[in-house]
Structure formats: structure tokens, C-alpha cells
Amino acid sequence: MPSEKTKLEKTKSESIPPETVTPETSDTDDTSPATTNATASVDIASPQATGSQRGRFVPARASAEIERQLAAALAPGLYLVATPIGNLADITVRALSVLARADVIYCEDTRHSRTLVAHYGIGTRLEAYHEHNGARERPRILARLAGGERVALISDAGTPLVSDPGYKLVREAIDAGHRVESLPGPSAIMAGLTSSGLPTDAFLFAGFLPVRSAGRRSRAAELANVPATLVFYEAPSRIAASLADLAAALGDRPAAVARELTKRFETFLRGPLPALAAEFASAPEPKGEFVILVGPPLTTEVTDAAIEAALVIALETMTVRDAAKSVADALNAPKSRVYDLAVALRRSEDGDGGGYGDL
Ligand code: SAM
């Protein structure tokens, strides 16, 4: 458990209606099958629906937009379509209209994706594309594209290619000169990052950590000086061990664990990394899907290499003294250290033979 001094902040989302939770995580303890209740009350033919009352939603407008999109021609090409990460309502109008108009939808698991397309009444054929059949399927997909077909690619959840299949297909489609378009939408990275309370101005998505502890620690050490919020995906079976290794390698940084984003039991745990590690270490193996987020280094230790890189540019136009001051200010590094590096650089530039005129 966290120490008494350490305050962990837990939040649960109460606002997500259970009927919109996808059954994709039926192996977890808190999801239920989707229903179509959410749309049952929408009557686009009613006079009220076609009126323009301020502050009221006019479903006919949304419906008309879908109709407009559906009526437009879809150019041949490969469409990368983001789909919900839990809440079936998290899908764009454009995503629906592309999935409906495509000649074929490639997905990781046809049974899984059938839930989504059935929910929205989309009859487009589903075909499997995953890591085990990718090498065999890619030439077929490229042949379809060459034949002028409209091919959509989705994954089980979120944005395809983000820790999901599709990179090689996109690479080969681009190389073959085909149109490749992305339809942005849900991703656990963005949902986790934006509600974590951690800095969002710079972030680094590092995918899944290695499965062994030594690998995790060395990966964390590689990322230790990155001046950005770090975002990791993690499986429930490894969340406790990963948090422990991250805490060992990165220390007392602010962090967050997002669980079951957009689903009925969405939960956030926010606090110092060691406290989060302690919380998970003392609990039974959790269920659900997780994103780990770790804030940037508390004090940025600037490396000599970074200082020298800045000095090389500054020394092109400034004296050693001015360059050292300017770089020290810019990088918030100790002036004497920067000055010593500037002197050494200038000496090496001058072949160690003097040239101290501007010191
Ligand atoms: N392509 C997906 C995306 O754009 O987010 C990610 C696919 S990756 C194979 C699956 C991992 O994403 C999960 O193990 C978990 O770490 C994270 N994830 C996906 N959905 C999530 C959710 N609803 N809540 C928390 N994490 C989620």
C-alpha cells in the first residue's frame, strides 16, 4: 500500500452509459453487451427533430450528414479507420460512411469486429488481416487496390497500426502508389494522456514494455532523460511488475494508470510512480486494459552532448564567453560547466594550438 504521506488520487467515471459499452472485453468483470437502446428514441421524422431550437439536438441534421457522406463517391484506396476503444458510440460519421462504402473491411478478428458493424447496420464483408496471415494477405490486398477497390483497415480497437497490424501494408501500398488515407478517431494513448493530468505539450508513446524485468529496466533507463510524458500500454498480468520496474528506473515522478478507458468502469489512479507501484503490488492481479503514463523528469539533467551540440552552433557567431552564457541560459545548465565545454570545443576546433583570443 502507499505510504501514509503519499496521496493517491482515484477517480471513476460514472457518466458512461452501460448500454454503449462494447462486449469486446466480456472476459473482464464489468462489461455488458451493447444494445441499441441509445438510438431507439431518435425519431428523425418528427417535426421536433427537423426544427432548429437553440440548445436542442436535431437528429435529422446528423442523419442528413450521414446520408450526404454515404451518397458521395469513395475513391479507390486504403482507408485506415479508427474504431472505439470500448464505448461503441465513439466512432466518427466519416468512419461509418467509409466502412459502409468500402468493398471490404480488413480486421484482426472478424467475429470481434462483427459486433461493431452489426451495431451500425453495416453489411460490408469482413476479412481477417493479422500478424499470422499478413504475409499471405498483403499481396491480395495490394491486388485489390490495383484493381480499383476501396479497402478499409480496422483493428480490434482504436487506431490501426498503433500497437496493431497495418504498418507493412501501408508501407507497401504507398510504395505501389496507392492512395492511403487515415480516418482519425479513438486511441487509448490520447484518451489516457489527456485525462491523466500530466503534461501534454510533449509526450512519447513507447508501446508495450519488454516482458522481462531486465529488459523493462533498461528500456526505462533509455527513456529516463526524455523531456516528455511517457505513455505505455500494458497487460493486466504485467501491470504490477512494470510499475515496479518503472519506479526503480525513473524514481519519484508523477504518474497515472488509466484502466478501462471509455468503458463502464473507467478508473484513474494518479500519484507518484512508487506509490502506484506499491498500490498494484499489494493488490490481486487486476482485470481490464491499462495505459501507464509517467510525467517528464522532475529536473532535466542536460547531457554534455546536448550542450556541445548547442555550443557548436553558438560558436559559429559568438565568442566563447558569449556562447557559453547564451547556451547555459537556454539549457538552464551551470555556467561554469558550459564554459569549460566551450573552451574545450574551441581548442579542438583550433587544433589545440591556441586561438584563445576571444576567451
Ligand atoms: N490500437 C489501439 C489504440 O489505438 O489504442 C491499441 C491496441 S493495443 C494491441 C491494446 C492495448 O491498448 C491494451 O493492452 C491497453 O494497454 C491499451 N488499451 C486499449 N483499449 C484500452 C482501454 N479502453 N483502456 C485502457 N487501455 C486500453
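To be clear, the structure that these remarks concern was listed above.
These figures come from a predicted structure and were not determined experimentally.

**Student:** What am I meant to see in the sheet that holds strand β9 (residues 254-259) here?
**Tutor:** Strand pairing in a sheet takes place through backbone hydrogen bonds and is either antiparallel or parallel in direction. Spatially, 6 strands are ordered β1-β10-β9-β11-β8-β7 in an open sheet, and the strand pairing comes out mixed. The open sheet has two free edges, formed respectively by β1 (9-12) and β7 (203-208), since each of these has just one partner strand. Taking each pair of neighbouring strands and ignoring which way they run, the sheet shows an average axis angle of 15°. Here β9 pairs with strand β10 (residues 267-272) via 6 bridges, running antiparallel. Looking at β10, one finds that P254 is bridged to P272. The strands touched by helix α10 (residues 239-250) are β8 (229-234) and β11 (290-294); relative to β11, the strand with the most contacts, the crossing angle is about 10°. In the packing of helix α11 (residues 273-281) onto the sheet, contacts are made with β9, β10 and β11, and the angle to β10 comes to roughly 130°.

**Student:** Sorry if this is basic, but what is going on with the nonpolar core here?
**Tutor:** One recurring pattern in soluble globular proteins: nonpolar side chains tend to sit buried together. Counting residues in hydrophobic clusters, the biggest one holds 37 residues, and the most contacted among them are L243, I292 and L293. Sorting the residues of this core by element identifies α8 (188-194), β8, α10, β9, α11 and β11 as the ones contributing at least two each.

**Student:** Is there a simple way to think about the site of the ligand in this case?
**Tutor:** Around the ligand lies a shell of 23 residues, among which G158, S187, A188, Y233 and L261 are the nearest. The class makeup of the residues in the shell around the ligand is 11 nonpolar, 7 polar and 5 charged.

**Student:** Can you walk me through the pairing of strand β2 (residues 77-81) in this structure?
**Tutor:** Moving residue by residue along a regular strand, the side chains alternate between the two faces of the sheet. Within β2, 4 of the 5 residues are buried, leaving the element largely enclosed by the surrounding structure. For β2 and strand β6 (residues 180-183), the ladder comprises 4 bridges, and the chain directions are parallel. Within the sheet, the bridge partner assigned to L80 lies in β6 and is S182.

**Student:** Can you walk me through the sheet that holds strand β3 (residues 104-107) in this structure?
**Tutor:** Spatially, 5 strands are ordered β4-β3-β5-β2-β6 in an open sheet, and the strand pairing comes out parallel. Only two strands of the sheet have a single neighbouring strand rather than two, namely β4 (126-128) and β6. The sheet shows a mean angle of 25° between the axes of neighbouring strands, direction not considered. With 3 bridges joining them, β3 and strand β5 (residues 150-153) adopt parallel strand pairing. Within the sheet, the bridge partner assigned to Y106 lies in β5 and is L153.

**Student:** Just to check I follow, could you spell out the packing of helix α3 (residues 59-71) against helix α4 (residues 93-101) for this structure?
**Tutor:** Each packed pair of helices is defined by two parameters, the angle between the axes and the distance between the axes. Remark: α3 packs on α4, axes separated minimally by 9 Å, with the N-to-C direction vectors making an angle of 40°. Accordingly, the angle class assigned to the pair α3 and α4 is oblique. α4 is crossed by α3, and the crossing has right-handed handedness. Taken together, the residues of α4 that come into contact with α3 (itself represented by E65, I66, Q69 and L70) are V93, R94, L96, S97, A100 and R101. Here the residues of the contact of α3 with α4 sort into 5 nonpolar, 2 polar and 3 charged.

**Student:** Sorry if this is basic, but what is going on with α11 here?
**Tutor:** Because the α-helix completes a turn every 3.6 residues, residues three or four places apart line up on one side. Where burial is concerned, most of α11 is hidden: 7 out of the 9 residues are buried. All of the buried residues along α11 are L273, P274, A275, L276, A277, A278 and F280. On its buried face, α11 is in contact with α10, β9, β10 and β11.

**Student:** Can you walk me through the environment of E65 in this structure?
**Tutor:** As for its position among the elements, E65 is in helix α3. A count of 13 C-beta atoms within 10 Å places E65 in the partly exposed class. Along the backbone, E65 and S97 are 32 residues apart, and their C-alpha atoms lie at a distance of 9.9 Å.

**Student:** What should I look at first to understand the pairing of β11 in this one?
**Tutor:** Taken across its 5 residues, β11 has 5 buried, putting it largely inside the fold. Of the two faces of β11, the one carrying F290, I292 and V294 and the one carrying V291 and L293 are both buried. Bridging between β8 and β11 involves 5 bridges; their strand directions are antiparallel. The residue of β11 that forms the bridge with L230 is V294. Judged from the 5 bridges that link them, β9 and β11 form a sheet pairing that is antiparallel. Directly across from A255, in β11, lies its bridge partner V294.

Conventions and cut-offs
- Residues numbered from 1 in each chain as written.
- Predicted model: local features only at pLDDT ≥ 70, side-chain atom pairs only at ≥ 80, totals over all residues.
- Pairing = 2+ DSSP bridges.
- Helix = DSSP H or I, 4+ residues; strand = E, 2+ residues; numbered from the N terminus.
- Axes fitted to C-alpha atoms, helices over the stretch in contact; angles between N-to-C directions.
- Contact = placed C-beta atoms within 7 Å.
- Core = buried A, V, L, I, M, F, W, Y, C linked by C-beta atoms within 7 Å.
- Buried ≥ 20, exposed ≤ 12 C-beta atoms within 10 Å, placed from the backbone.
- Near = placed C-beta within 6 Å.
- Nonpolar A, V, L, I, M, F, W, Y, C, P; charged D, E, K, R; others polar.
- Parallel < 35°, antiparallel > 145°, perpendicular 65-115°, else oblique.
- Left-handed = near helix turned anticlockwise from the far one by under 90°.

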